[in-house]
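Reading the structure
Residues per chain are reported as follows:
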Amino acid sequence: MSGLLSPAPSRTHPANYLSANRPSVILMDTQPARPATLRLAVTLRRCFLSLCTSFVEQSARALGLGDREALSLTLAAEEIFIYLAEGAASDQDLRIECQGGGHEVTVIFTAPSHTLDLRAFNITSRSITGDDEPSAELGLLIAARMVDRLRFSQQGGEFHLAMSKDRAYPAADATPFPIPDAGPAVTIKEPDAAELHLLLQRIQALPSGRLPAEFATTGKVVDMAAAGVYQAAVAVDAAANPGGGLLWRRQGDRLVECYGPYLFGQSATIARRLLDRLLGSLAKSRAVGLLCRYPAPDLPADYFEALGTLHHQAPDGSVTEIPAYYRQLIEDAGAIAWCHPEVQPFLTSEYRRLAFARTQVPLASSGAMVDPYSVLTAAFNRPAGEVTLRPLWWGADALANLSAHVRVLRQEGFYDLFFEMDLGQAWQGHFTPALLATGFRPRLILPNAGQGDTLVFQCEAQFETEARP
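The written sequence of each chain sets the order in which its residues are numbered from 1. For this predicted model, a pLDDT threshold of at least 70 governs which residues receive local features, and a threshold of 80 or more governs which side-chain atom pairs are given and counted, while totals over whole chains, interfaces and linings are taken from all residues. Water and hydrogen atoms play no part in the side-chain values, which are based on all heavy atoms of the structure.

**A word on the overall build of the protein chain**
Secondary structure is summarised from DSSP: a helix means a run of H or I of at least four residues, a strand means a run of E of at least two, and numbering begins at the N terminus for each. If you tally the helices and strands in the protein chain, you get nine helices and 20 strands. Within the protein chain, the proportion of its 469 residues that are buried is 50%. For the protein chain, the accessible surface area stands at approximately 21500 Å², while carbon and sulfur atoms represent 53% of it. The rule is simple: take the accessible area with a 1.4 Å probe, protein chains only, and divide by the maximum for that residue type; under 20% is buried, over 50% is exposed, in between is partly exposed. In these tables, accessible area is a Shrake-Rupley quantity obtained with a 1.4 Å probe, and a residue counts as shielded only by the protein chains included in the view.

See below:
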């Protein structure tokens, strides 16, 4: 452990929505808090469609989207509204909330629980019915293609469907202007926008390494930092020229993930000073853990515990091990981990090795009816050639659905396929047999990364024999 820090603490064992009054109303928050929020309450009748689309389009523009992105989000909202208004939810109340500003805008639909055929939200969906006749769910398929991210949940007798669209950013300049080398760093500080942009340019110029997807667009990261999503520290020389830096962001309420530290001709001490700056900023926060899945070569590994490794397959077919690290920030209060019997040996072994107090609750079939269709969301990191799948809805077709995702993603050239299962949500554990049958294997436990811990699977089917085209 670094002499600059006290040892890591040991573990112990064990929208505020408007009322949906008719007629429709539009209000805007006057509070300066981020993200900015606009709300519409409307009766689900087809005659109010233009009101809905106008609200979403104007909100998207007001919150910073360009014309093209605002139109995509509006078309998606139109399809969702039509689907709901023409279905069982007709004449009920619908609340639409637009949030954002900066790098993205999110539209959230909230209505009484409704039978929504979510399978159209799978990236593998081509046609719901398989014939030439447009189905009632075709609009959902169109909506899913118009946005960058989807979330779905049910709570308190209501469903919530959130669709996010990112602003368009130019890719990082492949041949940026020459940047003078920094001298020995003398100060660690929070960067302004220009310094952060310069730091990201230098990170992009580093030899090949695994980076978060948004790092490929420096303007997006700068906007995310301005919105409070990312925070950063830079090490500058006497002329305020950045010679190194570290970025971090929250992953939920309890976990912080860091990226780096990245050094450019600096001594290893600077990496420790950057991490000390981060840890100092978390001292009075509610964060319970610090995660590092994108370690740079200069990461002082003795600040962390090793969680395990993931595989990364290079374009030439070679495979490297990518380590993941974790540091507990406060005492671990213990938690419940729902586990399928087929991964219980792995969980037991890892929890014992990492000394985490977890009560493992085996899943059991209750015989209750399940929906026929499952839904997965996919997060792409195209520069790294990887995709992370997350369950949106459990259904009896999980094996067929996962198999289709693996086949399509392999055909698209993605060889690093991950699946993240929240062990704090029992229903997600039912995907386990389908995961194992399609070549996924448990690789990592990310403590406190979801409602509970997150179990990361990686698809290893044909891993050693196939090379990218």
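**Things to note about the packing of helix α1 (residues 49-62) against helix α2 (residues 67-85)**
Every axis corresponds to a line fitted to the C-alpha atoms, with the helix fit spanning only the stretch in contact, and the corresponding angles, defined between N-to-C directions, vary from 0 to 180 degrees. Close contact between α1 and α2 brings their axes to 9 Å; oriented N to C, the two are set at 150 degrees. With respect to their mutual orientation, α1 and α2 come out roughly antiparallel. Regarding α1 and α2, the two cross each other, and that crossing is right-handed. In contact with Leu49, Cys52, Thr53, Val56, Glu57, Ala60 and Arg61 of α1, α2 contributes Asp67, Ala70, Leu73, Thr74, Ala77, Glu78, Phe81 and Ile82. Class assignment for the residues of the contact of α1 with α2 results in nine nonpolar, two polar and four charged. Throughout, the term roughly parallel applies to angles under 35 degrees, roughly antiparallel to angles over 145, roughly perpendicular to angles from 65 to 115, and oblique to all others. By definition, turning the near helix anticlockwise from the far helix through less than a right angle yields a left-handed crossing, and turning it clockwise yields a right-handed one. Should any heavy atoms of two residues lie within 4.5 Å, those residues are counted as being in contact. When residues are grouped by polarity, Ala, Val, Leu, Ile, Met, Phe, Trp, Tyr, Cys and Pro land in nonpolar, Asp, Glu, Lys and Arg in charged, and all others, Gly among them, in polar.

**Here's the deal with the confidence of the model for the protein chain**
With 84% of its residues at a pLDDT of at least 70, the protein chain reaches an overall mean of 83. The predictor attaches a confidence to each residue, and that confidence, scored 0 to 100, is pLDDT. Contacts of residues 1-33 to residues separated by more than four positions or lying in other chains number 73 contacts, the stretch itself having pLDDT below 50. Across residues 464-469, confidence stays below pLDDT 50; counting only partners more than four residues off in sequence or on other chains, it has 15 contacts.

**Some words on the packing of helix α4 (residues 193-204) against helix α5 (residues 218-226)**
In contact at an axis separation of 10 Å, α4 and α5 are set at 140 degrees when each is read in the N-to-C sense. Here α5 runs oblique to α4, going by the angle between their axes. In this structure, α4 meets α5 at a crossing whose hand is right-handed. From α4, Ala193, Leu196, His197, Leu200 and Gln201 reach across to α5, where they touch Thr218, Val221, Val222 and Ala225. Partitioning the contact of α4 with α5 into residue classes produces six nonpolar, three polar and no charged.

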